[in-house]
Amino acid sequence: MIGFLKSGSLSEGFLVRLNRKISPETLRIGDFVIVEGKLYDYFGIIEDMRISSSNEDVFFAPPDNFLKKEVLKGSIIFSELKVAPYLMVERTTNKIYTIKTIPEHFSEARKVNAADLEKVFMNNTKNPFHIGQPLTMDEQRIFIDLEKLCKRSNAIFGITGSGKTFLGRILFSGIIKNSIASLLIFDMHNEYGRYAKSEKSFKTQSLKALFPRKVKVFDVSTKNPDADSFISIPYKDVTPMDVGMLSHILNFSDKSEETAYIIWKQKGTDWLAYTLSLKHLKEKALAEKAEELNVNSASLSALIRHLSKLQGLDFLKDIDEKESSIEEILAYLRNGVSVVVQFSGKAANSALAYFAVANILTRRIHEKYVDLKEEEREKRRIMIVVEEAHKFLSTSLKEQNVFGTIAREMRKFNVTLFIIDQRPSEIDSEVLSQVGTRFAMQLMDERDMDAVFQGAGGGSKLKKILRSLQPQEVLLFGYAVPMPVAMRVRNYGEDFFKEVKESKKKNPIKEANDLY
Amino acid sequence: MDRVGEIVIVQPGILIAQGERKKLPPIGSVLKTNSSVFCIVAAHSIDNKIPGRVPMAYGKPLNTLEFEQPQVFALMKWMFQLIPFGAFKNRAFVISYPKNAVEIHSLLFYATDDEIAQTISDLSLLDFLFGIDSAILPQRDEVIINFLMNYFSKFSTEELRNEYLRVFSHLAVTLREDYFTLKKMMDRVKI
């Protein structure tokens, strides 16, 4: 027992007086606490802590030795916890309810144990997956319901170095191992393929190394020796909407976008090849073409200049649609193989390459999935993973945003989004409100912290916990977990690899290849 | 078992006993009657055997005076006040004023260390003493300090720290509104 219930209310939570023998330093904000009522165990998390005194006189003549200080603990000086209750578990039935009542005075408060965590986090869970441990209890384990996680869009938010990638790899490993969804990962920094750098710059295994038969690595560059295949996107697969999504990189004006749409309406899927073919025309000839297309000559010239940047992308080619990688990737995804799209060679750290590929591929998948029959869609769930998501999901790109559409509407089509980002405040609030489960890691900017809780109740209580997080720690809340949980992400190392590594029974890649 | 004194006056909440010169029990010591009522020594007084007699000053050292004028001491009564606080009932120590009047002329004896330990195993003894009206027990703090010093003196170093914590943590609750009294006690009861 760590203390007893001193006061409380449904709206303000519980106030627990700590026992004199329990140092507040052995607990921390975000820890789980159970208050044992007569009928229910009340699950809560420490939302705040304070030290206090019952008599201010003590500060005029403080105790002059350790023993005297010990004497005063628990009576004249004491510590209290503010506990935010989230669930109550009926003792006799183990049924879980949201908080509807409160326990009596002096109800005992204690830390959780493994059985408690199991009761709450593994209740009716088909695929419980160990993702971490409570902040101050290394021996306990916290599980997440992966099936539930994949039913809605999700997000990991955190600054650079907070551990987003490690957490992502752990979650994605669980999803792949349990065949819950096919992942399409746009791997901006080449961290989810075969190998990646660990925190200490050692080479560590990544998804392809752990699941050689369940993961396919595509690269936009042929320079990547680890890639299974390379991305080719025909010009015909590019729409003005795709280009509009790149406007912040291509320096596209509204006028250019409008011009692109006019050409697209006239030339159809050939619009890009046609526009780029005008690149070498002299001024007079270009003016004639502009007149022919019924667009402004200067706007056409600007559009050509902006679009020319796309010619630097090796994967974007004036080729036949049959040579497109899109169908191949879709076939893998529909057959349970996850696809990691990497960016090597010239495309490494190229925002243009990343956003172009992510946007074009996602838009096609969206179109294909919407067209599929319901039973086809239900066969395989797809989760699209995007890093630097704020650049796709900002309010300014709201209209043409396929990622926003997926976050908002695609759950019913069995396609969900997994956002990995460090600037949640720049993501459109409507999209944020659709994120089912959020993994909030260390954040520094106040606006980002506020954004994390947008559309989720009880944010103000959790913000203090978020503020206290260190690297590799995460505040998890939302649809996939019965209550918010602050935890340390499990170690991504040999033990984890042993646990998840693919057995050599099935070969889904071979099965997918057999389709061709 | 040597007797320490004999109860000669029984008043509400307080007993007065007569002892012997130089053998009065120290303030804060625990005594028991021959009917096993436990009491704590609260104060000392020296009265005259002859009512109305007021001693005069002789201006001599005590030893000389005792040798030259022994009647001066023979005319005195060596008295002490006691607060009864409980008794054993079915082997358990129960803290309370005695229900029935303590018999006058009951003889008084020192309680053993084991008996003292049992009286304070229930720390409500301290609450009981703190609850006594200051008109009855004007030297309350001194009584408790002496009692505790005597009690703690029986412990080994290893046990002492835990017992000190147990007793004073309880006192800290009782005296949470009166920190300076608590502090005085902690400062005085040195271990």
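Residues numbered from 1 in each chain as written. Chains lettered and ligands numbered in written order. Predicted model: local features only at pLDDT ≥ 70, side-chain atom pairs only at ≥ 80, totals over all residues.

Examining the overall build of chain A
Note the threshold: Secondary structure elements follow DSSP: runs of H or I of four or more residues count as helices, runs of E of two or more count as strands, with numbering from the N terminus. We call a residue exposed when 12 or fewer other C-beta atoms sit within 10 Å of its C-beta, buried when the count reaches 20 or more, and partly exposed for counts in between; the C-beta positions come from the backbone. C-beta atoms are first placed from the backbone for all residues, and any pair lying within 7 Å is then listed as a contact.
Along chain A, the regular secondary structure elements total 20 helices and 23 strands. A buried classification covers 48% of the 516 residues belonging to chain A. Sequence separation of 24 or more characterises 70% of the internal contacts of chain A that already satisfy a separation of 6 or more.

So, the packing of helix α13 (residues 351-371) of chain A against helix α15 (residues 402-409) of chain A
Think of two packed helices as two axes; the pair is described by the angle between the axes and how far apart they sit. Residue and element names in this part refer to chain A. Note the cut-off: A fitted line through C-alpha atoms represents every axis, and for helices the fit uses only the stretch in contact; the resulting angles, taken between N-to-C directions, go from 0 to 180 degrees. By the definition adopted for this analysis, an angle is roughly parallel if under 35 degrees, roughly antiparallel if over 145, roughly perpendicular if from 65 to 115, and oblique otherwise. Note on convention: the crossing is left-handed when the near helix lies turned anticlockwise from the far helix by less than a right angle, right-handed when the turn is clockwise.
Packing of α13 against α15 brings their axes to within 9 Å, and their N-to-C directions diverge by 40 degrees. One finds that α13 runs oblique with respect to α15. When the axes of α13 and α15 are compared, the crossing they make is left-handed. The residues of α15 that touch α13, namely those facing Asn359, Thr362, Arg363 and His366, are Val402, Phe403, Thr405 and Ile406.

Let's talk about the environment of Ile95 of chain B
Residue and element names in this part refer to chain B. Turning to its location among the elements, Ile95 is positioned in strand β6 (residues 92-95). For the pair Ile95 and Phe130, spaced 35 residues apart in the sequence, the C-alpha separation amounts to 13 Å. If we skip the residues at most four places from it in the chain, Ile95 touches Phe85, Gly86, Asp122, Ser124, Leu125 and Phe128.

Structural notes on the interface of chain B and chain A
A common measure of how large an interface is: the accessible area buried when the components associate. Across the boundary between the two partners, chain B contributes 13 residues, which contact 14 residues of chain A. Where the side of chain B that touches chain A is concerned, the elements lending two or more residues are α6 (157-174) and α7 (179-188) of chain B. Per element, the largest residue contribution to the side of chain B that touches chain A is seven residues, and it comes from α6 of chain B.

With respect to the packing of helix α8 (residues 254-267) of chain A against helix α11 (residues 297-307) of chain A
All names here are of chain A. Our working definition: By the convention adopted, Pro, Cys, Tyr, Trp, Phe, Met, Ile, Leu, Val and Ala count as nonpolar, Lys, Arg, Asp and Glu as charged, and the other residues, Gly among them, as polar.
It is at 9 Å that the axes of α8 and α11 come closest, and there the two elements cross at 90 degrees. The angle between the axes of α8 and α11 places the two elements in the roughly perpendicular class. Residues Lys255, Ser256, Thr259 and Ala260 of α8 lie in contact with α11, whose contacting residues are Ser299, Leu300, Ala302, Leu303 and His306. Considered class by class, the residues forming the contact of α8 with α11 number four nonpolar, four polar and one charged.

Focus: the sheet that holds strand β18 (residues 338-342) of chain A
Residue and element names in this part refer to chain A. Quick reminder of the rule: Think of it this way: DSSP has to see at least two bridges between two strands before they count as a pair.
As summarised here, the arrangement of the 12 strands in space is β9-β8-β23-β22-β21-β10-β20-β19-β11-β18-β14-β15, forming an open sheet in which the pairing is mixed. Single-partner strands in this sheet number two, and they are β9 (142-145) and β15 (229-230). Two elements, strand β22 (residues 473-478) and strand β23 (residues 485-489), share four bridges in a ladder whose sense is antiparallel. The partner of Val474 across the bridge, within β23, is Met487. The sheet contacts of α13 involve β11 (182-187), β18, β19 (382-387) and β20 (415-421), and relative to β11 the element is tilted by about 160 degrees.

Considerations on α6 of chain B
Residues that lie three or four places apart on an α-helix share one face, since the helix turns once every 3.6 residues. As a reminder of what qualifies: Any helix carries an expected span of 1.5 Å times its number of residues minus one. The directions from the helix axis to the C-beta atoms form the arc being described.
If you check α6 of chain B, its first and last C-alpha atoms are 26 Å apart, about what 18 residues at 1.5 Å a residue would give, namely 26 Å. Those residues of α6 of chain B that sit buried are Tyr164, Val167, Phe168, Leu171 and Ala172 of chain B. Looking straight down α6 of chain B, one finds that the buried residues subtend no more than 140 degrees of arc, so they occupy a single side. Looking at α6 of chain B, the residues exposed on the side facing more than 90 degrees away from the buried face are Glu158, Glu159 and Asn162 of chain B. Against the buried residues of α6 of chain B lie α1 (66-72) of chain A together with α4 (124-130), α5 (140-152) and α7 of chain B.

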